[in-house]
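Chain and residue survey
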Amino acid sequence: GGEFMGGADVCREMAESGELQQVLQEAISKAKTSTPVFQTIPPQAVQDMIDKESVPFIDCRTPPEWQAGRVKGAVNIPAFLDGPNGRGPVREEFVKAVKEQFPSTDTKLVVGCQRAIRSKDACAWLNQEGYSNVYELDGGFAWWVADDSLPVES
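Everything numeric in this text was worked out from a predicted model, so none of it was measured.

1. Side note on the overall build of the protein chain
Broken down by element type, the protein chain carries 7 helices and 9 strands. For the protein chain, whose C-alpha radius of gyration is 21 Å, the value lies well above the compact-globule estimate of 15 Å for 154 residues. Here the C-alpha coordinates of the protein chain stretch approximately 75 × 40 × 30 Å along the principal axes. Counting the 154 residues in the protein chain, one finds 36% classified as buried. Taking contacts inside the protein chain between residues at least 6 apart in sequence as the whole, the part at least 24 apart equals 64%. Counting every atom, the protein chain has about 9000 Å² of accessible surface; 53% of that belongs to carbon and sulfur. Taking the average place of the 15 positive charges on the side chains of the protein chain and the average place of its 23 negative ones, the gap between the two points comes to 6 Å.

2. Regarding the pairing of strand 8 (residues 134-137)
The side chains of a regular strand alternate, first on one face of the sheet and then on the other. The side-chain alternation of strand 8 yields two buried faces, one formed by Val-134 and Glu-136 and the other by Tyr-135 and Leu-137. The sheet contact formed by strand 1 (residues 39-41) and strand 8 spans 3 bridges and is parallel. Counterpart to Thr-40 in the pairing with strand 8 is Glu-136. Pairing of strand 7 (residues 109-112) with strand 8 involves 3 bridges; the strand directions are parallel. By the bridge assignment for strand 8, Val-111 is matched with Glu-136. In this fold, the crossover linking strand 7 to strand 8 by way of helix 6 (residues 118-128) has right-handed handedness.

3. A closer look at the pairing of strand 6 (residues 86-89)
The pairing of strand 5 (residues 80-83) with strand 6 spans 4 bridges and is antiparallel. The residue of strand 6 that forms the bridge with Phe-80 is Pro-89. As consecutive antiparallel partners, strand 5 and strand 6 are separated by 2 residues.

4. Structural notes on the sheet that holds strand 7
Reading across from one edge, 1-8-7-2-4 is the order of the 5 strands in this open sheet, with parallel pairing throughout. What marks the edges here is a single partner per strand, and that holds for strand 1 and strand 4 (75-76). Along the sheet, helix 6 makes contact with strand 1, strand 7 and strand 8, crossing strand 8 at roughly 180°.

5. Considering helix 6
Looking only at helix 6, the buried set comprises Arg-118, Ser-119, Ala-122, Cys-123, Trp-125, Leu-126 and Asn-127. Structurally, helix 6 contributes buried residues whose contacts are with helix 4 (63-68), strand 5, strand 6, helix 5 (91-101), strand 7 and strand 8. Immediately downstream of helix 6, the backbone of Gly-130 shows phi near 100°, a positive value.

Reading the values: rules and limits
Residues numbered from 1 in each chain as written. Predicted model: local features only at pLDDT ≥ 70, side-chain atom pairs only at ≥ 80, totals over all residues. Heavy atoms only, no water. Helix = DSSP H or I, 4+ residues; strand = E, 2+ residues; numbered from the N terminus. Rg over C-alpha atoms; globule rule 2.2 N^0.38 Å. Buried < 20%, exposed > 50% of the residue type's maximum accessible area, 1.4 Å probe, protein only. Contact = heavy atoms within 4.5 Å. Areas by Shrake-Rupley, 256 points an atom, 1.4 Å probe, with all protein chains shown as cover. Lys, Arg positive; Asp, Glu negative; His and termini not counted. Charge placed at Lys NZ, Arg CZ, Asp CG, Glu CD. Pairing = 2+ DSSP bridges. Right-handed = clockwise from strand over helix to strand, strands pointing away. Axes fitted to C-alpha atoms, helices over the stretch in contact; angles between N-to-C directions.

Written as structure tokens, this is what we have:
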């Protein structure tokens, strides 16, 4: 009848009936199909993609960072900019610029920043916009410059 059931009771009842497993399976399945997930790959693998497949490299750092030194051939599309209140995300501008330069969501893209922190957000934003072939430079530009064999320009 009308007795109160606590959260643990509801979960136990759902688990015993098999309903909980069904709810979880649906949630997992939906998560897997709704948002593609970017892969993080090491600097040498990024260079191989650039050399062998001419994959565009998006440097999502600020313009001053990009001007000071970058992956050879990188396109600068900032995901975060410095303002009066510190550094903040510019998601809309970033996504708009990527869509203008790379309109096909199937385009293979590599995104990097300084230490692979901002690029995680940038890659996730692209995934949310339907870009399904996105890669992130592991360790960012800091790891790139640590390998003398990788090309840099400024």
